[in-house]
Amino acid sequence: FPTRRSSDLPPDQTEILAFNSKLPEFAALNTEVLAVSCDSEYSHLAWANTKRDEGGLGPDLKLKLVADKSMKIARDYGVLLEVRSHSLSYGAGGG
């Protein structure tokens, strides 16, 4: 659950790119990794098409981005901050 792009918190580009680079290792474990956020698919597309040195995730992002505009997934996982309408960021370290 990367932080919402439209919030005042910085998006976790580094974490998403780290998971992206490890996708073959997850695939070897028969595991699929998704990045879920409360942003729209249009925001995801723009972020994925923006060069990494400009704060984006492009050009070769393979990690699937899931648009949780209803906030149901974030709410169900207990990571939605209802007042601010964005999800918390949880990394591999359990942050």
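These numbers come from a predicted model, not from an experiment.

What counts, and where the lines are drawn
Residues numbered from 1 in each chain as written. Predicted model: local features only at pLDDT ≥ 70, side-chain atom pairs only at ≥ 80, totals over all residues. Heavy atoms only, no water. Helix = DSSP H or I, 4+ residues; strand = E, 2+ residues; numbered from the N terminus. Buried < 20%, exposed > 50% of the residue type's maximum accessible area, 1.4 Å probe, protein only. Contact = heavy atoms within 4.5 Å. Areas by Shrake-Rupley, 256 points an atom, 1.4 Å probe, with all protein chains shown as cover. Core = buried A, V, L, I, M, F, W, Y, C linked by side-chain atoms within 4.5 Å. Pairing = 2+ DSSP bridges. Right-handed = clockwise from strand over helix to strand, strands pointing away. pLDDT = per-residue confidence, 0-100. Salt bridge = Lys/Arg side-chain N within 4 Å of Asp/Glu carboxyl O.

Attention now goes to the overall build of the protein. When you go through the protein residue by residue, the secondary structure sums to 4 helices and 4 strands. Each helix (α) and strand (β) of the protein, taken in turn from the N terminus, gives the series α-α-β-α-β-α-β-β. Here the protein holds 95 residues, and 33% of them are scored as buried. Looking at the protein alone, contacts between residues at least 24 apart form 65% of all its contacts between residues at least 6 apart. With the model as given, the accessible surface of the protein reaches about 6000 Å², and the carbon-plus-sulfur share is 55%.

It is worth spelling out the nonpolar core at this point. Nonpolar side chains in soluble globular proteins generally cluster together in the buried interior. By size, the foremost hydrophobic cluster in this structure holds 10 residues: I16, L17, L23, V33, A35, W47, A48, L57, L61 and L63. Of all the elements in the fold, those that place two or more residues in this core are α1 (13-21) and α3 (41-49). In this structure, C38, M71, A74 and L80 belong to the second largest nonpolar core, which totals 5 residues.

Bridge count between strand β1 (residues 34-37) and strand β2 (residues 64-67): 4 bridges; the pairing is parallel. Residue A35 lies in a different strand from β2, and its bridge partner there is L65. In this region the chain leaves β1, passes through α3 and returns to the parallel neighbour β2; the handedness of that crossover is right-handed.

So, about the confidence of the model for the protein. For the protein, per-residue confidence averages 82 on the pLDDT scale, and residues scoring 70 or more make up 75% of the total. No element of the protein has a lower mean pLDDT than strand β4 (residues 86-87), which averages 58, and none a higher one than helix α2 (residues 23-28), which averages 98.

The subject of this paragraph is the pattern of salt bridges. A full pass over the atoms with the stated rule returns 5 salt bridges. Close ionic contact of E41 with K69 constitutes a salt bridge, the shortest N to O distance being 3.4 Å. Of this pair, E41 sits in helix α3 while K69 sits in the loop between β2 and α4 (72-76), and the two are 28 residues apart along the sequence. With a shortest N-O distance of 3.2 Å, R52 and D60 are connected by a salt bridge. Residue classification places D60 among the partly exposed residues on the basis of a relative accessible area of 42%.

Before going further, it helps to examine the environment of S70. Residue position: S70 is located in the loop between β2 and α4. Here S70 falls in the exposed class, since its relative accessible area comes to 53%. Residues S70 and C38, 32 residues apart in the sequence, show an inter-C-alpha distance of 7.3 Å.

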